Amino acid sequence: NAPASGRSGYGMITGLPSGAALIALHGGFGASTNVRAQFLVDAFAGLGSFTILDPGGIANKFSWPKVVLTQPSSAVNKFVFLTSSLSTAGTNEDSAFMNIGTSLSSSSFTGYKLINAAQAETYALARGADGRIGISYIVDEVRFPADYGSVFYMESTDNGTTFSTPLKIFSADFNTDSLGGLRGISMLYQGNSPKVTFETIKQTRNSTYIGGAPNNIRFWSSSLPGSDPNRSIIIADSNNVPYAPMVGSNDVEAPVCRPSIGQSSDGADLFIAFMAQNEAQGGTDSSSYTDIYLTASGNGGASWKRPFIITPTSPRMDWAYVSVSKINDKSGNTDYINMTMQRDTVPGSHVNTDNPGTNAKPFFVRVSYPSPIGINPVNTIAEDYSLMQNYPNPFNPVTNIRFSLPKISNVTLKVYSAEGKEVAVLVNNEIVNAGTKEVSFNASNLASGVYFYTITAGDFRETKKMLLLK
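None of these values were measured; they are calculated from a predicted model.

Description of the overall build of the chain
Helix and strand content of the chain: zero helices and 33 strands. Here the chain has a C-alpha radius of gyration of 24 Å; the compact-globule value for 470 residues is 23 Å, and the two agree. Principal axes of the C-alpha set define a box for the chain whose edges measure 75 × 55 × 45 Å. Burial analysis of the chain (470 residues in total) assigns 51% to the buried set. The contacts of the chain with a sequence gap of at least 6 include a subset with a gap of at least 24, amounting to 55%. Taken as two groups, the 34 positive and 36 negative side-chain charges of the chain have centres that lie 4 Å from each other.

What follows is the structure in structure tokens.
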């Protein structure tokens, strides 16, 4: 049974080893009506009889909870969670906090500790295969002005009791492009490799952001080449997503924003979905409509497919606040990406406005997508565009194709028969960073003979011949 009274919002659900649900939210259940982070634990899977775990706290101080279970279940620390204040922007109360639950049957917590993140959706956490816990966050402006807008990552190997020294994974520079982290950030572990995606938005040091200016969504992992804080790569911006400024009512949004990351059940593929503003406008305040785009990677995030829209554009609806399942099912070579998102008949965010026309509802969306082919980095530096001879050649049935890019490019790599028929698409208009890359081609379903492979990267185009002998 749910609590008989009280109010709640911003729920997040995860599963206990028993299959029972652990729900985090901020609400005012129990004797105190203070809005604060609370947790509901089901007695067993599917029963719907919940115990309230309450870490307490003053009104609006500890809200927007995000939680991750520890491993193993016998650990003293049962779950780690982050919260932040609901106070006015620009005050010293705009901070985030970490706490640890030590019981799943009673309200037992270690107590809140301040972390360097800002408020609202500026932090994420996840657990690795071996139980390590990672936290990524965007820095608070008032308390840490020197690093405002920068993004950090830290990790615990003792179930959250202690964390490593925070590592700066993105450095905001207000002397150049003024792009910095603001709201959207999401992370998971692929095995024990952290994967973080976040938005960077043009802004000033007084917490004023420019929602109409071009911005980007980035991806970071310790597995990427290079060094921090310059290791992250751009996966979405006006070069691969139709650009439209954010106008009208909104909830701290930009042309591309609020990314969410998930992976396939076999751990091979990554997916990132995000919001994108659309030039179509409507309503009394002429707000932007938003769409949801999706991109995928088959090589741990080293390269990403060109983002594509997954929400219908007719009839015109407003699609926003996508959340991708951390684990998504897979059948053969097809991934099924499971997401929730909000749909409204009117554009814009009306959470803080009185718009009688709004009809916002949550939706579950499931997208099938061919498992992406991985592009493996060989070298991070290349002086010119080039397509190299495949090796081995002749081959049976697998060969490797290398190419070089002097700068980040949209790449297409296709294989054709001797008659000119397209028989394989190895890279489909994918964003690929500079350097020398390699793609594996499996021709087990093709007959012996001569084939041609063609690369297109910007204005560069080249074709080479290869021989399949079975």
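Some thoughts on the sheet that holds strand S13 (residues 179–190)
Judged by pairing direction, the sheet is antiparallel, and its four strands sit side by side in the order S13-S14-S15-S16 without closing on themselves. In this open sheet, the two strands that pair with only one neighbour each are S13 and strand S16 (233–236). Mean inter-strand twist for the sheet, computed between neighbouring axes without regard to direction, equals 30°.

Some thoughts on unusual backbone geometry
Excluding glycine, residues mostly have negative phi values, and the peptide bonds linking residues are mostly trans. A cis geometry characterises the amide bond from Tyr391 onward to Pro392, with omega recorded as -10°. For Pro392, the location among the structural elements is in the loop between strand S27 (386–387) and strand S28 (398–405). The omega angle of the peptide bond from Asn396 to Pro397 is -20°, so this bond is cis rather than trans. Secondary-structure assignment places Pro397 in the loop between S27 and S28. We note that Val252 has phi near 55°; this positive angle belongs to a residue other than glycine. Relative to the elements of secondary structure, Val252 occurs in the loop between S16 and strand S17 (256–264).

Remarks on the pairing of strand S7 (residues 96–101)
Consecutive residues of a regular strand have side chains that alternate between opposite faces of the sheet. Counted residue by residue, S7 has six buried out of six residues, so it is predominantly covered. Residues of S7 alternate between two faces, with Ala96, Met98 and Ile100 on one and Phe97, Asn99 and Gly101 on the opposite face, all of them buried. Pairing analysis gives three bridges linking S7 to strand S8 (residues 113–115), with the strands arranged antiparallel. Its bridge partner being in S8, Ala96 is matched across the sheet by Ile115.

What about the confidence of the model for the chain?
Detail in the predicted coordinates should be disregarded across regions flagged by low pLDDT. Averaged over all residues, the pLDDT of the chain equals 89, while 93% of them reach at least 70. Predicted confidence in the chain is weakest over strand S26 (residues 376–379), with a mean pLDDT of 80, and strongest over strand S11 (residues 151–156), with 98.

Comments concerning the nonpolar core
Ranked by internal contacts, the top residues of the largest apolar core, which has 39 residues, are Phe198, Ile292, Met339 and Met341. When neighbours within four sequence positions are excluded, Met341 is seen to be in contact with Ile292, Ile310, Thr311, Trp319, Ala320, Tyr321, Val322, Lys361, Pro362, Phe363 and Val365. With 25 residues, the next largest nonpolar core counts Tyr385, Ile401, Val411 and Met466 among its residues.

Some thoughts on the side chain of Ser178
Mapping Ser178 onto the fold places it in the loop between strand S12 (167–170) and S13. Not counting residues within four places of it along the chain, the set of residues in contact with Ser178 comprises Asp173, Ile201, Lys202 and Gln203.

Quick word on the sheet that holds S27
With respect to topology, four strands assemble into an open sheet ordered S26-S31-S28-S27, the strand pairing being antiparallel. Here the strands that pair on one side only, and so sit at the sheet edges, are S26 and S27. Relative to strand S31 (residues 435–442), S28 runs antiparallel, the two being bridged by eight bridges. Within S31, the position partnered with Ile401 by the bridge is Val439.

Re the packing of aromatic side chains
In the structure shown here, the tally under the stated rule is 21 aromatic pairs. Ring centres 3.7 Å apart and planes at 5° place the aromatic pair Phe62 and Tyr112 in the stacked group. Of this pair, Phe62 sits in the loop between strand S4 (50–53) and strand S5 (63–69) while Tyr112 sits in the loop between S7 and S8, and the two are 50 residues apart along the sequence. Centre to centre, the rings of Phe274 and Tyr293 are 6.0 Å apart; their planes meet at 15°, and the pair counts as stacked. Of this pair, Phe274 sits in strand S18 (residues 270–282) while Tyr293 sits in strand S19 (residues 287–297), and the two are 19 residues apart along the sequence. A relative accessible area of 0% places Phe274 in the buried class. For Tyr293, a relative accessible area of 10% puts it in the buried group.

Let's talk about the environment of Val378
Mapped onto the elements of the fold, Val378 is located in strand S26. Taking relative accessible area as the criterion, Val378 reaches 38% and is therefore assigned partly exposed. Between the C-alpha atoms of Val378 and Lys437, which are 59 residues apart in sequence, the distance is 5.3 Å.

With respect to the environment of Ser331
Relative to the elements of secondary structure, Ser331 occurs in strand S23 (residues 330–331). Along the primary structure Ser331 and Tyr189 are separated by 142 residues, whereas in three dimensions their C-alpha atoms are 21 Å apart.

Reading guide: rules and limits
Residues numbered from 1 in each chain as written. Predicted model: local features only at pLDDT ≥ 70, side-chain atom pairs only at ≥ 80, totals over all residues. Heavy atoms only, no water. Helix = DSSP H or I, 4+ residues; strand = E, 2+ residues; numbered from the N terminus. Rg over C-alpha atoms; globule rule 2.2 N^0.38 Å. Buried < 20%, exposed > 50% of the residue type's maximum accessible area, 1.4 Å probe, protein only. Contact = heavy atoms within 4.5 Å. Lys, Arg positive; Asp, Glu negative; His and termini not counted. Charge placed at Lys NZ, Arg CZ, Asp CG, Glu CD. Pairing = 2+ DSSP bridges. Axes fitted to C-alpha atoms, helices over the stretch in contact; angles between N-to-C directions. pLDDT = per-residue confidence, 0-100. Core = buried A, V, L, I, M, F, W, Y, C linked by side-chain atoms within 4.5 Å. Phe/Tyr/Trp six-rings, centres within 6.5 Å; stacked < 30°, edge-to-face > 60°.

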